[in-house]
Amino acid sequence: MSAPTPKPSVSEREARQVAEAAREQDWRKPSFAKELFLGRFRLDLVHPHPLPADEDAQRGEEFLAKLRDFCETKIDGARIEREAKIPDEVINGLKELGALGMKIDTKYGGLGLTQVYYNKALALVGSANASLGALLSAHQSIGVPQPLKLFGTQEQKDTFLPRLARTDISAFLLTEPDVGSDPARLATTAVPDGDDYVLDGVKLWTTNGVVADLLVVMARVPKSEGHKGGITAFVVEAAAEGVSVEHRNAFMGLRGLENGVTRFHQVRIPSNARIGAEGAGLKIALTTLNTGRLSLPAMCVGAGKWCLKIAREWSGEREQWGKPVAHHEAVGTKISFIAATTFALEAILDLSSQMADEDRNDIRIEAALAKLYGSEMAWLMADELVQIRGGRGFETAESLAARGERAVPAEQVLRDLRINRIFEGSTEIMHLLIAREAVDAHLKVAGDLIDPDKSLSDKAKAGAKAGGFYARWLPKLVAGPGQLPRTYGEFHPAGHADLSGHLRFVERTSRKLARSTFYAMSRWQGRMETKQGFLGRIVDIGAELFAMSAACVRAELLRTTEDYGREAYQLADVFCRQSRIRVDELFNRLWTNTDDLDRKVVKGVLSGTYEWLESGIVDLSGDGPWIADASPGPSKTENVHRPIR
């Protein structure tokens, strides 16, 4: 048996090549968001709003009723916050309900819920306690069930899915102490040894890892005779010899989260526990996340609904200067923002989820936008709620109750939501990921033209190819239906707010966005990938346009199916007006910003030029390395793994 390979040392270019190889290269199905970034507003892909089948809706509503009763009678969110632990009886109760198998097919003992109802369930249970939502999401959205569903053998499905549907909790292990969003440097190894692999390494921030029964582990298989090698996915029994949970991590929020550090020392894994081929692990992880990312905006929607409820009740009760604070404009604008944004987030979530269920469209960009936009806007809504509540927003629910007031955990919700801007791809990484997909069509035709490693003949061929593409594409960005005053007239029914103008704005702005992207590529060419500030703003504009589209389409659906269609139109109208202000600001910042100056300041900070600015403080940080040692070897600490039975 070979010794574990050392941690790979890779260049920036090599790291990018690994990430690029893991991408889904082709677009076999249409994508509303991809078309939006290309300047093509394909409203027909999302309108009329798709709906779940009647039997799916009935099954989903029946489960939601049971889950709501459980949340109201069996979950004590204050206790979880106080004890920093989810009681075993709560987890066992969720198992009995079948909540571990919400997304698992009924033939394996699961509930077989659609993505739409799975997300509604996460929003509901997450409102009872965010740690519970995270537990169920990590188990089903990125844990063992999803990669097995997409890439597992029939034998693996028959073996593991019945366990995962009812009794066994799973976790996803990719991150390492010195490896985050740069998997090319993955140090955990799985060395072939006969019919087995031998696993060695350390994984960090293993959500559910402390209590998990089954793990998806990403490890590097060394290339050797008969082995392609590369980053590979494995199903690992958490109770296997050599697996040890060395530490349960504690965080500013999600205090009940069973997240830890897991060490693998000479763990033998049978080859039939490998998911997919050697080297396919990163592609499996990214594909799993395409829909898995929708679980985070689901819980953000739940948080938004709660923020709106508390803002409404409190600001109508609290009086200042002779009237309820809601009627003071400074507070009222915050309430309007919370209401309109909650409506838009639910619109994005339901639309993306239903599109995932129908499987007619490629939703990789839509899901990523939902995660990015949901996590950022939910944090802002919770922050505004804390401000509306004033000192009571900063005070803990336990303290409020102790002095005789309603125990409103506003500060806890703020803390719990903060991780969503980091979980499953930080906002900064999501900007780069979405930007890469958004410019995919350009790179397909002009990539060789801006690649410094390509030969002159390759560049010449790319130039001819790009010339043909842009000769056809660019003229279409000059004019479109958004310039015609009566386009999208069905979105201006009598007696309702006019949403047609907002959709015309989206159409015009999508073309402007595409022109801006093309101009930037022409200006910066191969340096485009370094312009992360610019790319982030491009993505944020696209997110706003997607949100506006979803809000309008949802409002029209509710007009035809519910009694509150007029109110839905009003919320969509307000949201779109708020969004358009943000879009205008983002466009202005594309070309008027301090990006170049910021880079100079950063160089000065790192070189010590401004170190004098740090004087006059006491650093409360403790001693120790910035990154813990994760050298392979046996564990030297107590195993704190505790399976729940």
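Digging into the overall build of the protein chain
Moving on, step 1. Broken down by element type, the protein chain carries 23 helices and 10 strands.
Moving on, step 2. Against the globule reference of 26 Å for 645 residues, the protein chain gives a C-alpha radius of gyration of 25 Å, in line with a compact fold.
Moving on, step 3. Projecting the C-alpha coordinates of the protein chain onto the three principal axes gives extents of approximately 75 × 75 × 65 Å.
Moving on, step 4. Looking at the protein chain as a whole, 55% of its 645 residues are labelled buried.
Moving on, step 5. Sequence separation of 24 or more characterises 77% of the internal contacts of the protein chain that already satisfy a separation of 6 or more.
Moving on, step 6. Accessible surface computed for the protein chain: about 29400 Å², of which carbon and sulfur atoms make up 53%.
Moving on, step 7. For the protein chain, the separation between the mean place of its 83 positive charges and that of its 87 negative charges on side chains is 5 Å.

Quick notes on a nonpolar patch on the surface
Moving on, step 1. Together, Val-601, Val-602, Val-605, Leu-606, Tyr-610, Trp-612 and Leu-613 give the surface a local cluster of nonpolar side chains, amounting to about 740 Å² of exposed area.
Moving on, step 2. Along the chain, Leu-613 turns up in the segment after α23 (595-607).

Things to note about empty space enclosed by the protein
Moving on, step 1. Summed over all chains, the structure comprises 2 cavities of 30 Å³ or more.
Moving on, step 2. Along its surface, the largest cavity is lined by Gly-209, Leu-215, Ala-238, Val-243, Val-245, Thr-262, Asn-639 and His-641.

Looking at the side chain of Asp-168
Moving on, step 1. Checked against the element boundaries, Asp-168 lands in the loop between α9 (154-166) and β1 (170-173).
Moving on, step 2. A polar contact of 2.7 Å, which involves the side chain of Asp-168, links it to the side chain of Arg-163.
Moving on, step 3. A polar contact of 2.8 Å, which involves the side chain of Asp-168, links it to the side chain of Thr-167.
Moving on, step 4. Residue contacts for Asp-168: discarding those within four places in its chain leaves Leu-100, His-139, Arg-163, Asp-213, Leu-214 and Arg-645.

Examining the environment of Met-528
Moving on, step 1. Mapped onto the elements, Met-528 comes out in the loop between α20 (500-524) and α21 (532-561).
Moving on, step 2. Once you skip the residues sitting within four places of it in the chain, Met-528 turns out to touch Thr-517, Ala-520, Met-521, Phe-534 and Leu-535.

So, how was this worked out
- Residues numbered from 1 in each chain as written.
- Predicted model: local features only at pLDDT ≥ 70, side-chain atom pairs only at ≥ 80, totals over all residues.
- Heavy atoms only, no water.
- Helix = DSSP H or I, 4+ residues; strand = E, 2+ residues; numbered from the N terminus.
- Rg over C-alpha atoms; globule rule 2.2 N^0.38 Å.
- Buried < 20%, exposed > 50% of the residue type's maximum accessible area, 1.4 Å probe, protein only.
- Contact = heavy atoms within 4.5 Å.
- Areas by Shrake-Rupley, 256 points an atom, 1.4 Å probe, with all protein chains shown as cover.
- Lys, Arg positive; Asp, Glu negative; His and termini not counted.
- Charge placed at Lys NZ, Arg CZ, Asp CG, Glu CD.
- Patch = residues over 30% accessible without salt bridge, like charges linked within 9 Å, V, L, I, M, F, W, Y side chains within 5 Å.
- Salt bridge = Lys/Arg side-chain N within 4 Å of Asp/Glu carboxyl O.
- 1 Å grid on protein atoms, 1.4 Å probe; cavity = no way out; pocket = protein on both sides within 12 Å on 5 of 7 lines; lining within 4 Å.
- Points joined across faces, edges and corners; volume = space filled by probe spheres on them.
- Polar contact = N/O pair within 3.5 Å; in protein donor to acceptor, adjacent residues only side chain to side chain.

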